[in-house]
Amino acid sequence: MKTLSLANFGSAAPSPATAPSLTQRLADALRTLHRVNPALSYTGWLNVGLAGLALALLPLDHRHVTGVLVWIKPLKFSLSIVAYAWTLGWLLADLPAPAQRAVRRLSAGVALSMVVEQAVIFIQAGRGTTSHYNVSSPLNGVLFGLMGVFIAVNTVMTIWAGYLAWRYRPHGPAGYVWGLRLGLLVFLIGSVLGGFMIHNQQHTVGAPDGGPGLPGLGWSTVAGDLRIAHFLGMHALQALPLLGWALSRRVPRRAAVLTWVGTGLYAAAVAGLLLGALAGRPLL
């Protein structure tokens, strides 16, 4: 199986005349990803299409939900799932052959979970109402409950992925290996932080949802917002493997230690944002 390892990305040194362009290299990576993990590849491409649909609907539908245009949330979730599905598929491709049967199974579980979540988000956007924390009617309660079930399924699948990454050493140098493992761990912590929002039945602390927020992101500028720590924690899945890869190229002998240090600082930032949000303090 051809590895997708970041450790090998850009390691070759072809002459300028024969070096592929960045577009060609990304296309090659996506083709390889599709071959080794079609479930997560298709999930990403589906959400590319859904992002395009939400983007096309933005100028046509002027309804607002919690203070923002109704198709903003489906757009943001589509882009987030593209990043999640393709990153997870990329990282899991670096696990050795004995782990790949389990990888195929958990990838199918992740793909199904993301399809259900997006189906609910788009249905509720089409109805002009919220998808998360919405129990205002029996139908809304059932849809939110369905999302909750598959969010739990996705969390279990990610725990499984983390277990495999710690049991089987991924391909690549030590810094990248630890970045992959620790990235999955901090991602799981970031996922669990969503439980604070479910407990509160909203993401803002100290004010109702839908108040003044940062442009594009919507994070509250007048109260605490639990989405910020949740966002940073979940994007450890991209940030920490990239950190380990970069350190392995620049300071290979210290890459593993420095990846742990970087993870500690990253986790401290997530914790600080969470505590600030719980205290009702806005980011800015």
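Residues numbered from 1 in each chain as written. Predicted model: local features only at pLDDT ≥ 70, side-chain atom pairs only at ≥ 80, totals over all residues. Heavy atoms only, no water.

Enquirer: Please explain unusual backbone geometry as it appears in this structure.
Expert: With the exception of glycine, the majority of residues adopt a negative phi angle, and the majority of peptide bonds are in the trans configuration. For T66, which is not glycine, the phi torsion reads 45° and is therefore positive. You can call T66 partly exposed: its relative accessible area is 42%. Phi at Y133 takes a positive value of approximately 60°, unusual for a residue other than glycine. Within the fold, Y133 resides in the loop between α4 (100-126) and α5 (138-167). When its relative accessible area of 16% is taken as the criterion, Y133 is described as buried. (Buried < 20%, exposed > 50% of the residue type's maximum accessible area, 1.4 Å probe, protein only. Helix = DSSP H or I, 4+ residues; strand = E, 2+ residues; numbered from the N terminus.)

Enquirer: For this particular structure, what's the right way to read the packing of helix α2 (residues 38-57) against helix α3 (residues 72-92)?
Expert: A pair of packed helices can be characterised by two numbers: the angle between their axes and the separation between those axes. It is the contact of α2 with α3, at a shortest axis distance of 8 Å, that shows an interaxial angle of 160°. Taken together, α2 and α3 sit at an angle that is classed as roughly antiparallel. Where α2 crosses over α3, the handedness of that crossing is left-handed. Mapping the contact onto sequence places L40, S41, T43, G44, W45, N47, V48, L50, A51, A54 and L55 in α2 and P74, L75, S78, L79, I81, V82, A85, W86, L88 and G89 in α3. For the contact of α2 with α3, a count of residues per class yields 15 nonpolar, six polar and no charged. (Axes fitted to C-alpha atoms, helices over the stretch in contact; angles between N-to-C directions. Parallel < 35°, antiparallel > 145°, perpendicular 65-115°, else oblique. Left-handed = near helix turned anticlockwise from the far one by under 90°. Contact = heavy atoms within 4.5 Å. Nonpolar A, V, L, I, M, F, W, Y, C, P; charged D, E, K, R; others polar.)

Enquirer: I would appreciate a short explanation of the nonpolar core in the present structure.
Expert: Among soluble globular proteins, nonpolar side chains are generally buried collectively. If you look at the biggest cluster of nonpolar residues, it comprises 27 residues, and the most contacted ones within it are Y84, L88, L92, L95, V110, L164 and L184. Residue assignment for this core shows that the elements contributing at least two residues are α3, α4, α5, α6 (174-192) and α9 (236-250). With seven residues, the single largest contributor to this core is α3. One finds L182, L193, M197 and A277 within the second-largest nonpolar core, a separate group that totals 15 residues. (Core = buried A, V, L, I, M, F, W, Y, C linked by side-chain atoms within 4.5 Å.)

Enquirer: Even after reading the chapter, I still don't get the side chain of T32, so can you show me in this structure?
Expert: With respect to the helices and strands, T32 occurs in helix α1 (residues 22-36). Among the polar contacts listed, one links the side chain of T32 to the backbone oxygen of D28, at a separation of 2.9 Å. (Polar contact = N/O pair within 3.5 Å; in protein donor to acceptor, adjacent residues only side chain to side chain.)

Enquirer: I'm lost on the environment of N47 in this one. Help?
Expert: For N47, the position within the fold is in helix α2. Along the primary structure N47 and A83 are separated by 36 residues, whereas in three dimensions their C-alpha atoms are 9.7 Å apart. With sequence-adjacent residues up to four places away left out, N47 is seen in contact with S78, I81, V82 and Q118. At 2.9 Å, the side chain of N47 forms a polar contact with the side chain of Q118.

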